[in-house]
Amino acid sequence: PQGNSLSNVDFVDSLRGWAVGGTILRTTDGGTNWIPQSSRTTKYLYSVAFTDENNGIIVGHLGLILRTTNGGVTWTEQISGTSNNLNNVIFSNINSCIAVGVNGTIIRSTDGGTTWTPQFSGTTDNLNGVSFADANNGTAVGYNGKILRTANGGTTWITQLSGTTYELSSVTFSD
């Protein structure tokens, strides 16, 4: 409704979802109507993830992390520990979330996004996407065909051969 570019969307069910980019938008009717939410930041927002209708995380420019516990009525900035752009965020379960970004950045939270800890990725390639099949098994992808896998909830990451040097932008698993 404001003409801002958007970079990511996340729905918790068929009706309720959020979109982010140059703004935060929320829908409660499956995307027919979108209502702006205030982020109180001018930084660009790259990715959004919610565990339920109340609890969500947004990541963005220069290591920005915003957290809500009330469906986006208010957003609180969290300390990410990085000034690198964070390109994608996902919850692997209700408490654990992983964010990936520029220069191989991987940060992990085990308390719903309140505190974040850097994880060793073993790469300086930009990471664009991350997805988890369950609480333990996840994959991150990025520049130069980079694929990283974890089998312990994101504590350690191992490089996988992709067979390409093309940029990988996104990854998703349903199980």
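In what follows, the structure referred to is the one given above.
Engineer: Would you take a moment to explain the sheet that holds strand β11 (residues 106-109) for this structure?
Structural biologist: Within a beta sheet, neighbouring strands are joined by backbone hydrogen bonds and run either parallel or antiparallel to one another. Here four strands make up an open sheet; going across it, the order is β9-β10-β11-β12 and the pairing antiparallel. Edge strands, defined here as strands with exactly one partner in the open sheet, are β9 (86-91) and β12 (117-119). With strand direction ignored, the average angle separating the axes of adjacent strands in the sheet is 25°. Here three bridges tie β11 to β12, and the two strands are oriented antiparallel to one another.

Engineer: It is not clear to me how the pattern of salt bridges should be interpreted in this structure. Could you clarify?
Structural biologist: What the rule picks out here adds up to three salt bridges. Of the charged contacts, one joins D13 and R16 as a salt bridge, the two residues approaching to 2.2 Å between their closest N and O atoms. Overall, D13 belongs to the partly exposed group, its relative accessible area being 29%. On the accessibility criterion, R16 (23% relative accessible area) is partly exposed. For K146, the salt bridge is made with D125, and the minimal N-O distance between the two is 3.7 Å. On the criterion of sequence distance, the pair formed by K146 in the loop between β14 (138-142) and β15 (147-150) and D125 in the loop between β12 and β13 (127-132) is long-range, its members being 21 residues apart. Of the two residues examined, K146 and D125, each falls in the buried class. Among the charged side chains, a network of salt bridges with common partners joins D13, R16 and E53.

Parameters and conventions
Residues numbered from 1 in each chain as written. Predicted model: local features only at pLDDT ≥ 70, side-chain atom pairs only at ≥ 80, totals over all residues. Heavy atoms only, no water. Pairing = 2+ DSSP bridges. Helix = DSSP H or I, 4+ residues; strand = E, 2+ residues; numbered from the N terminus. Axes fitted to C-alpha atoms, helices over the stretch in contact; angles between N-to-C directions. Salt bridge = Lys/Arg side-chain N within 4 Å of Asp/Glu carboxyl O. Buried < 20%, exposed > 50% of the residue type's maximum accessible area, 1.4 Å probe, protein only.

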